[in-house]
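Residue-level structure breakdown
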Amino acid sequence: AAAAAERTAAASKSAAAAGTSTAGPADGEPASDPVCSACGTAKPASTFTRAQLQKGPSKQRCSECVAAAEAASSSEADVKWETRYKEAKEAARKADAVGSAAEKLKAHSTVAAIEAEKVTGLKPVILGRGGRGRGSWRGAARGRGLSS
């Protein structure tokens with residue numbers, strides 16, 4: 001019994017030195033509600049997703065704050081898309097007025113790519129920029145009996 005009392009005293013002393021407390025909720029007491037890092041309010045755990053609760057107190061956000069952040073992000077992306085689309089449409093209009101066939105094709109292709117990105121959510125793949133395609137410098141002479 002004396003050894004147990006000595007151990008608890010030593011544990012509380014080391015916890016006080018570390019700045020933490022060993023006193024947690026008792027068996028009958030409910031745990032404290034998690035605090036949302038975005039709005040700073042303590043809310044019941046049911047208002048947090050499991051993934052948010054696993055992030056820890058400094059990063060966890062309630063479902064309302066997560067939804068608000070996603071809405072703000074999507075509206076910002078919509079505004080950015082609208083500006084890109086208007087600029088591409090203006091460039092296509094100018095190319096139609098005075099441009100060559102190649103300029104018209106390029107301008108209208110850009111407009112189509114931006115529209116497709118909005119519909120599908122996929123960015124266009126730009127070919128011919130030093131990838132591993134046919135025009136690449138990598139391995140051009142390998143396997144053909146030619147020396148590099």
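A brief look at the structure comes next. On a predicted model such as this, the values are computed, not experimentally measured, just so you know.

Definitions and limits used
- Every chain is numbered on its own, with residues counted from 1 as its sequence reads.
- Where local features are concerned, this predicted model is filtered to residues with pLDDT of at least 70; where side-chain atom pairs are given and counted, the filter is 80 or more; whole-chain, interface and lining totals use all residues.
- Calculation of side-chain values draws on the structure's entire complement of heavy atoms; hydrogens and water are dropped beforehand.
- The helix count covers DSSP runs of H or I at least four residues long, the strand count covers runs of E at least two residues long, and both are numbered beginning at the N terminus.
- Here the term buried applies to any residue with accessible area under 20% of the maximum for its type, exposed to any over 50%, and partly exposed to those in between, with areas from a 1.4 Å probe on protein chains only.
- Shrake-Rupley sampling with a 1.4 Å probe provides the accessible areas, and residues are treated as covered by the protein chains on show and by no other component.
- We count a salt bridge whenever a side-chain nitrogen from Lys or Arg sits within 4 Å of a carboxyl oxygen from Asp or Glu.
- Each axis is a line fitted through C-alpha atoms, taken for helices only over the stretch in contact, and angles between the N-to-C directions span 0 to 180 degrees.
- Angle categories are assigned with fixed cut-offs, so that under 35 degrees is roughly parallel, over 145 is roughly antiparallel, 65 to 115 is roughly perpendicular, and the rest are oblique.
- Definitions for this section: a left-handed crossing has its near helix turned counterclockwise from the far helix by less than a right angle. A right-handed crossing has that turn clockwise.
- Here, residues are in contact when the closest pair of their heavy atoms is within 4.5 Å.
- The nonpolar class holds Ala, Val, Leu, Ile, Met, Phe, Trp, Tyr, Cys and Pro. Asp, Glu, Lys and Arg form the charged class, and all remaining residues, Gly among them, are polar.
- Any pair of nitrogen or oxygen atoms within 3.5 Å is treated as a polar contact; in protein, a donor-acceptor pairing is required on top of that, and neighbouring residues in sequence qualify only through side-chain atoms on both sides.
- Helices are assigned an expected span. That span is 1.5 Å times one less than the residue count.
- Here the arc refers to the directions that run from the helix axis out to each C-beta atom.

**Some details on the overall build of the protein chain**
A count of helical and extended segments in the protein chain gives four helices and zero strands. Tracing the protein chain from N to C terminus, the helices and strands come up as α-α-α-α. Taking all 148 residues of the protein chain together, 16% fall into the buried category. Accessible surface, the protein chain: about 11800 Å² in total, of which carbon and sulfur atoms supply 57%.

**Looking at the pattern of salt bridges**
Enumeration according to the criterion identifies five salt bridges in this entry. Of the charged contacts in the structure, one is a salt bridge between Lys118 and Asp78, with a shortest N-O distance of 2.9 Å. Taken together, the residues Lys118 in helix α4 (residues 101-120) and Asp78 in helix α3 (residues 63-98) connect sequence positions 40 residues apart. Residue class for Lys118 comes out partly exposed when judged on its relative accessible area of 41%.

**Considering the packing of α3 against α4**
Close contact between α3 and α4 brings their axes to 8 Å; oriented N to C, the two are set at 160°. Comparing the axis directions of α3 and α4 gives the class roughly antiparallel. With respect to the hand of their crossing, α3 and α4 are arranged in left-handed fashion. Residues Asp78, Trp81, Arg84, Tyr85, Ala88, Lys89, Ala91, Ala92, Ala95 and Asp96 of α3 form the contact with α4, whose participating residues are Glu103, Lys104, Ala107, His108, Thr110, Val111, Ile114, Glu115, Glu117 and Lys118. Among the residues forming the contact of α3 with α4, the class breakdown is nine nonpolar, two polar and nine charged.

**A look at the side chain of Lys43**
For Lys43, the position within the fold is in the loop between α1 (2-18) and α2 (50-54). For Lys43, a relative accessible area of 15% puts it in the buried group. Here the side chain of Lys43 touches Glu64 through a polar contact of 3.1 Å, side chain to side chain. The residues contacting Lys43, other than those within four sequence positions of it, are Asp33, Pro34, Phe48, Cys62 and Glu64.

**With respect to α4**
With 20 residues, α4 extends 28 Å from end C-alpha to end C-alpha; this agrees with the ideal 28 Å at 1.5 Å per step. Every buried residue belonging to α4 is among Ala107, Val111, Ile114 and Glu117, and all of these are buried. Taken end-on, α4 shows its buried residues confined to a sector of 125°, consistent with a single buried face. Away from the buried face of α4 by more than 90 degrees, exposed residues Ala101, Ala102, Leu105 and Val119 are located.

**Observations concerning α3**
Over its 36 residues, α3 runs 53 Å from end to end, which matches the ideal 52 Å to within 8%, given 1.5 Å per residue. Where α3 is concerned, the buried positions are Cys65, Val66, Trp81, Tyr85, Ala88, Ala92 and Ala95. Residues of α3 that are buried sit in contact with α2 and α4.

**Remarks on the environment of Ala88**
For Ala88, the position within the fold is in helix α3. A relative accessible area of 7% means that Ala88 is categorised as buried. Discounting residues that sit within four places of it in the chain, Ala88 has contacts with Thr110, Val111 and Ile114.

These figures come from the coordinates and say nothing about function on their own.
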